[in-house]
Amino acid sequence: MVKMLSYIFGSLKESENSIKAIKTTLRNQTRINRTVVAFALVVAAYVIALEVHTYEQNKKIQNLDKGE
């Protein structure tokens with residue numbers, strides 16, 4: 001009987017430790033995911049700004065070519 005109770009409570013403790021480890025991993029993964037999303041948004045904003053700048057430069061070049 002004592003062996004059976006020790007096995008049950010030991011198994012519960014192992015399960016509890018596993019769940020804690022999974023929670024820690026998920027918390028870390030959430031932090032990584034937020035960082036990746038923030039990086040992707042910054043890169044997207046940079047690409048849009050670069051496209052706008054390139055478009056404006058091309059317009060200026062066309063205007064200069066027409067003037068000559």
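Rules behind the numbers
Residues numbered from 1 in each chain as written. Predicted model: local features only at pLDDT ≥ 70, side-chain atom pairs only at ≥ 80, totals over all residues. Heavy atoms only, no water. Helix = DSSP H or I, 4+ residues; strand = E, 2+ residues; numbered from the N terminus. Buried < 20%, exposed > 50% of the residue type's maximum accessible area, 1.4 Å probe, protein only. Areas by Shrake-Rupley, 256 points an atom, 1.4 Å probe, with all protein chains shown as cover. Lys, Arg positive; Asp, Glu negative; His and termini not counted. Charge placed at Lys NZ, Arg CZ, Asp CG, Glu CD. Patch = residues over 30% accessible without salt bridge, like charges linked within 9 Å, V, L, I, M, F, W, Y side chains within 5 Å. Salt bridge = Lys/Arg side-chain N within 4 Å of Asp/Glu carboxyl O.

K.L.:
Before we move on, can you summarise the overall build of the chain with the specific residues and values?
P.N.:
Summing up its helical and strand segments, the chain has one helix and zero strands in all. Projected onto the principal axes, the alpha-carbon positions of the chain cover approximately 100 × 10 × 5 Å. Of all 68 residues assigned to the chain, the portion counted as buried reaches 0%. Entry remark: accessible area of the chain is about 6,600 Å², with carbon and sulfur atoms responsible for 66%. Looking at the chain, you have 10 positive and 6 negative side-chain charges, and the mean spots of the two groups are 19 Å apart.

K.L.:
Describe a nonpolar patch on the surface, with residues and values.
P.N.:
Together, Met-1, Met-4, Leu-5, Tyr-7, Ile-8, Phe-9 and Leu-12 make up a nonpolar patch on the protein surface, roughly 800 Å² of accessible area in all. Considering the arrangement of structural elements, one finds Tyr-7 in helix α1 (residues 2-67).

K.L.:
Before we move on, can you summarise the pattern of salt bridges with the specific residues and values?
P.N.:
Summed over the entire model, instances satisfying the criterion amount to one salt bridge. Residue Glu-16 is joined to Lys-20 by a salt bridge in which the shortest nitrogen-to-oxygen separation is 3.6 Å. With a gap of four residues between them, Glu-16 and Lys-20 both fall in helix α1, about one helical turn apart. The class of Lys-20 is partly exposed, set by a relative accessible area of 47%.

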